[in-house]
Amino acid sequence: MTIRVVLADDHPVVRDGLEVLLGSVDGISVVGVAENGSEAVRAAVTLKPDVLVMDIHMPGVDGVAATQEIARAAPSVGVLMLTMLDDDETVRAAVRAGAAGYLLKGSSQQQIVRAIQAVAAGDSILGSGVARQVLDAASGRVSAPPDPLEALTPRERQILELLAGGSSTTMMASRLALTTKTVNNNLSVIFGKLGVANRTEAALLARRAGLGG
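Definitions and limits used
- Residues numbered from 1 in each chain as written.
- Predicted model: local features only at pLDDT ≥ 70, side-chain atom pairs only at ≥ 80, totals over all residues.
- Heavy atoms only, no water.
- Helix = DSSP H or I, 4+ residues; strand = E, 2+ residues; numbered from the N terminus.
- Contact = heavy atoms within 4.5 Å.
- Core = buried A, V, L, I, M, F, W, Y, C linked by side-chain atoms within 4.5 Å.
- Buried < 20%, exposed > 50% of the residue type's maximum accessible area, 1.4 Å probe, protein only.
- Pairing = 2+ DSSP bridges.
- Right-handed = clockwise from strand over helix to strand, strands pointing away.
- Expected span 1.5 Å × (residues − 1).
- Arc of directions from axis to C-beta.

It is worth spelling out the side chain of Thr90 at this point. Relative to the elements of secondary structure, Thr90 occurs in helix α4 (residues 88-97). Apart from the residues within four sequence positions on either side, Thr90 is in contact with Ile56, Leu85 and Tyr102.

What follows is the structure, given as structure tokens:
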């Protein structure tokens, strides 16, 4: 199945070069070109390509703003950014706007073709020089940091809650029918799991988590 592509770049040399490059690849057909963001949006809506290869710096409506509009008006069109910019903030802005891929100019023909194929297939892709975690963060796919309290056993959590509530070692031992040595041993383990140095730090962390209130 042929992948239909639109190229959006304000530099004719780049645009024409990409058109020649992709025209030599089986399974890819360039169906339109655009010189700025407004033309890119219009081409996305009227031509409905599978992939729109988009520069960022263009006159008038830039590539990021155009991508945001395409995501609204032609959501089935996958946008692949092809740019010289590799700073994290630009990548985040592009992907927040709806770009499915981000590739740097100067990438090889094979890299560009693979990126177009990936975006056409509904995947996300980054070229070399762009950190993977940037795309993950921008599209909300970064996992939340693990809750250190989840590593505690039920007994350790009981002890931590009593500590956060202001109980002394003796009071905790009496409350839980344990020896003070056992409580202290548990506290040492708890400190290690939580990554804290002492009782005060552990109590503060526990209170921030809603324990010991």
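Structure's up, so let's keep going.
Attention shifts here to the nonpolar core. Counting residues in each nonpolar core, the largest one holds 26 residues, and the members touching the most others are Ala8, Leu52, Met54, Ile70, Met81 and Tyr102. For this core, the secondary-structure elements that each account for two or more residues are β1 (3-8), α2 (37-47), β3 (51-54), α3 (63-73), β4 (78-83), α4 and β5 (101-104). Not counting residues up to four positions away in its chain, the partners in contact with Leu52 are Val6, Ala8, Ala40, Ala44, Ile70, Val77, Gly78, Val79 and Leu80. Core analysis: the next-biggest nonpolar cluster, separate from the first, contains 21 residues, Ile159, Met172, Phe191 and Ala206 among them.

Every second residue of β3 is oriented toward a common face, with Val51 and Val53 on one face and Leu52 and Met54 on the other, all of them buried. Sheet topology places β1 next to β3; four bridges connect them, and they run parallel. Opposite Val5, over in β3, you have Val51 as the bridge partner. A crossover connection joins β3 to the parallel β4 through α3; in handedness this β-α-β unit is right-handed.

Here helix α7 (residues 154-164) has its buried residues at Glu156, Ile159, Leu160, Leu162, Leu163 and Ala164. Buried-residue contacts for α7 involve α8 (169-176), α9 (180-194) and α10 (199-208). Following α7 by one or two positions, Gly166 has its phi on the positive side, about 100°.

Right, let's get into the sheet that holds β4. Within the open sheet, the six strands sit side by side as β2-β1-β3-β4-β5-β6. Their pairing is parallel. Every other strand in the sheet has two partners, leaving β2 (28-34) and β6 (125-126) as the edge strands with one partner each. Note: β5 against β6, two bridges, orientation parallel. Bridging across to β6, Gly101 finds its partner in Ile125.

Over its twelve residues, helix α1 (residues 12-23) runs 16 Å from end to end, which matches the ideal 16 Å to within 8%, given 1.5 Å per residue. If you check which residues of α1 are buried, you get Arg15, Leu18 and Leu22. In a view along the axis of α1, the buried residues occupy a sector of 65°, so they form one face of it. Summarising the geometry of α1, the exposed residues directed more than 90 degrees from the buried face are Val13, Val20 and Gly23. Elements that come into contact with the buried residues of α1 comprise β1, β2, β4 and α5 (109-120).

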